[in-house]
Amino acid sequence: MPERESTPREAAPRPAQEAVIALRGATATLGARPVLRGVDLTVRRGEVVALLGANGSGKSTAVRSVIGQVPLTGGSVELFGTELRRFRRWGRIGYVPQRTTAAGGVPATIREVVASGRLSRTGLRWPGKADRAAVERAIELVGLADRAKDSVSALSGGQHQRVLIARALASEPELLIMDEPMAGVDLASQEILASTLREQVALGTSVLLVLHELGPLEPLIDRAVVLRDGCVTHDGPPPEALGQHALPGHDHVHPHAAAEPVRTGLLT
Amino acid sequence: MLFEFLNPPFMQRALIAAVLVGITAPAIGIYLVQRRQALMGDGIGHIAMTGVGLGFLLSTSPVWMATAVAVAGAVTMELIRWYGHTRGDLALAMLFYGGMAGGVMLINLSDTGSNANLTSYLFGSLSTVSDSDVIAISVLAAFVVLVTVGLRRQLFAVSQDEEFARVCGLPVRVLNLLVAVTAAVTVTVAMRVVGLLLVSALMVVPVAAAQQITKSFKVTFVLSVVIGTAVTLTGTVTSYYQDVPPGATIVLLAIAVFVALTALAAPLARGRARASGTKEAECTLEVPPARRGADDVHV
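Keep in mind that what you see is a predicted model, and the values were worked out from it rather than measured.

## Overview of the overall build of chain B
Here is step 1: Along chain B, the regular secondary structure elements total 13 helices and 0 strands.
Here is step 2: Reading chain B from its N end, one meets helices and strands in the order α-α-α-α-α-α-α-α-α-α-α-α-α.
Here is step 3: The 299 residues of chain B split such that 47% are buried.
Here is step 4: Taking the intrachain contacts of chain B between residues at least 6 apart in sequence as the baseline, contacts between residues at least 24 apart amount to 74%.

## Some details on the overall build of chain A
Here is step 1: For chain A, the helix and strand inventory stands at 6 helices and 12 strands.
Here is step 2: Across the 268 residues that make up chain A, the buried fraction comes to 46%.
Here is step 3: The long-range share in chain A, meaning contacts at least 24 apart out of those at least 6 apart in sequence, stands at 71%.

## A short note on the environment of D131 of chain A
Residues and elements named next belong to chain A.
Here is step 1: Inspection of the secondary structure puts D131 in helix α4 (residues 129-141).
Here is step 2: Since 17 C-beta atoms lie within 10 Å of it, D131 is described here as partly exposed.
Here is step 3: A sequence separation of 67 residues divides D131 from R198, and the C-alpha atoms of the two residues are 23 Å apart.
Here is step 4: Once you skip the residues sitting within four places of it in the chain, D131 turns out to touch R118, R121 and T122.

## Some remarks on the sheet that holds strand β4 (residues 74-79) of chain A
Residues and elements named next belong to chain A.
Here is step 1: With antiparallel pairing, 4 strands are arranged side by side in an open sheet as β2-β1-β4-β5. The two strands at the open ends of the sheet, each matched to only one other strand, are β2 (33-44) and β5 (82-83).
Here is step 2: Where helix α1 (residues 59-66) meets the sheet, its contacts fall on β1 (19-30), β2 and β4, and the angle it forms with β1 comes to roughly 120°.

## Let's talk about the interface of chain A and chain B
Here is step 1: Listed per partner, the contact involves 24 residues of chain A and 26 residues of chain B.
Here is step 2: If you list the elements that add at least two residues to the side of chain A that touches chain B, you get β6 (93-96), α2 (110-116) and α3 (119-122) of chain A.
Here is step 3: Among the elements that take part in the side of chain A that touches chain B, α2 of chain A stands out by supplying 3 residues, more than any other.
Here is step 4: A breakdown of the residues in the side of chain A that touches chain B according to their chemical character gives 12 nonpolar, 9 polar and 3 charged.

## Digging into helix α6 (residues 187-202) of chain A
Residue and element names in this part refer to chain A.
Here is step 1: Taking 1.5 Å per residue as the helical rise, α6 with its 16 residues ought to reach 22 Å, and the 22 Å between its terminal C-alpha atoms agrees with that figure.
Here is step 2: The set of residues buried in α6 consists of S189, I192, L193, T196, L197, Q200 and V201.
Here is step 3: Residues of α6 that are buried in the fold lie against β3 (48-53), α4, α5 (157-169), β7 (175-179) and β8 (206-210).
Here is step 4: Looking one or two places after α6, you find G204, whose phi comes out positive at around 100°.

## Focus on unusual backbone geometry
All names here are of chain A.
Here is step 1: For F80, which is not a glycine, the phi torsion comes out positive at approximately 50°.
Here is step 2: Here F80 is to be found in the loop between β4 and β5.
Here is step 3: We classify F80 as partly exposed; it has 17 C-beta atoms within 10 Å.
Here is step 4: In this structure, E172 takes a positive phi of about 50° despite not being glycine.
Here is step 5: Summarising the element assignment, E172 is placed in the loop between α5 and β7.

## So, the packing of helix α1 (residues 9-34) of chain B against helix α11 (residues 217-242) of chain B
Helix-helix packing is characterised by the crossing angle of the two axes and by the distance between the axes.
All names here are of chain B.
Here is step 1: At their nearest, the axes of α1 and α11 sit 8 Å apart, and the two run at 150° to each other. Our classification of the angle between α1 and α11 gives roughly antiparallel. As α1 packs across α11, the resulting crossing turns out to be right-handed. Between α1 and α11, the contacting residues are M11, A14, L15, A18, V19, V21, G22, I23, A25, P26, A27 and I30 on the first element and T220, F221, S224, V225, G228, T229, V231, T232, L233, T236 and Y240 on the second.
Here is step 2: For the contact of α1 with α11, the per-class residue count stands at 16 nonpolar, 7 polar and no charged.

## Quick look at the sheet that holds β3 of chain A
All names here are of chain A.
Here is step 1: One open sheet accounts for 6 strands, arranged β6-β7-β8-β3-β9-β10; its pairing is mixed. Edge positions in the sheet fall to β6 and β10 (231-236), since each has one partner strand and no second. Across the sheet, the mean angle from the axis of one strand to that of its neighbour is 15°, orientation sign disregarded.
Here is step 2: For β3 and strand β9 (residues 223-228), the ladder comprises 5 bridges, and the chain directions are parallel. By the bridge assignment for β9, L51 is matched with V225.
Here is step 3: Running at roughly 165° to β6, α5 makes contact with β6 and β7 of the sheet.

What counts and what doesn't
Residues numbered from 1 in each chain as written. Chains lettered and ligands numbered in written order. Predicted model: local features only at pLDDT ≥ 70, side-chain atom pairs only at ≥ 80, totals over all residues. Helix = DSSP H or I, 4+ residues; strand = E, 2+ residues; numbered from the N terminus. Buried ≥ 20, exposed ≤ 12 C-beta atoms within 10 Å, placed from the backbone. Contact = placed C-beta atoms within 7 Å. Pairing = 2+ DSSP bridges. Axes fitted to C-alpha atoms, helices over the stretch in contact; angles between N-to-C directions. Nonpolar A, V, L, I, M, F, W, Y, C, P; charged D, E, K, R; others polar. Expected span 1.5 Å × (residues − 1). Parallel < 35°, antiparallel > 145°, perpendicular 65-115°, else oblique. Left-handed = near helix turned anticlockwise from the far one by under 90°.

Function-wise, these values are silent; they only describe arrangement.
Written out as structure tokens, the structure is:
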């Protein structure tokens, strides 16, 4: 992948402290169970915020409520200063949902899947030259240019994740929202994802990511928000790395372990 | 004469209907397969039977009545999918079997209809395709092609990842309804040729056959339409000469194509792997069975 000229993080333009995401007092329920119990979450322009927490702490729900995929029972969401209900400019947001695969029921090439991400800019109109160029650029950014014509079903887990991220980048977003982008990703792909993200951040993109553990993305993260049982228990600098297993949000949930997770993290 | 089957007017009408079915059924079917709702067409076919029955009872065109009822049924199915999360499957079962029973009942109540008539709608009948049927089928087929080709990018996105499509700001509900309505329309297009009970096969089997050897959505789309058209034409001509039911012939031909392409797929994939030089190295390391117990780590 061609290394792009990347400005140091401190030199990146950071005009105002305008909030690109503002979630205030958010409450949500799943059936009768409260999942979010008054969550405040702000991402300012140019900021990289990690949302951490154990399984079932509500981090995925929080992120999905930001983009209107989970209805809130209370509180408010603003995107780029616009109330979620009135927000229409979805091309400004690149969303990477929590998926293990980018494939559907019918074969599709990497280019076809990534191109669908451009629809947040084109909507119902025909794509033009600039749109096609943006799709090619997004594929290049995740290092899959030589495989653009390959079927996504032939890819490894990490490559699937790279396709999903390229799909989000196809709209040239100002804000990336990623739900567990590192889940099931091999080490080589993790490095590529981290460097892709680094380039985006250097260009001024704001990022909100749900993570299970900080991992290779740690140096990029400005601020960490830790959720526990639907409440924010930490909002500030990322917790000190004390080895992977000591990180907040790390639960020892193994397929053959007991049903109740053993909580070992700093904040759990 | 080689093309003797083109002479009788009923065969001309039947062949026009066959081509339109061969194009439209896989064209909408590919989106149903993509969103893993391959059997949706089957459900719509069941519901459409009530429309056929109504058509006979009210002495109007069964094709248009079936279209109206199938569209209403498909929209109801889509609404159940949105709102009835928990017992959605049972609600669908009510709809399907209610539609089928309703059709049988209505056609028996009517003066003109008989079980023989119903059979021609259930399994298709070429000799009964009328001029007005051909006009109705052509209009409906034009709608199906317009939707499935014109909105292919949007329908692809919605069928590939619905949540992502919503976050793209696409009108997902409208597009889902459009898919449901288009599928319903396709069912009635195909009704006269393959019959209501086998409609779904023509939506699904050509797509399943094509994707054995394809890598992209675009090629899968084109190839499944080619396969669909080839089997409907071949089946129609075969049934003219051999006096076999057209619907069954067409579906069996489609399945034969599926089997043939599946058999072809394995060597093709091997060839491709060799060509790109990415042949996976096989494991050659022998694991001594005696050590198994010691490696059995419990965490």
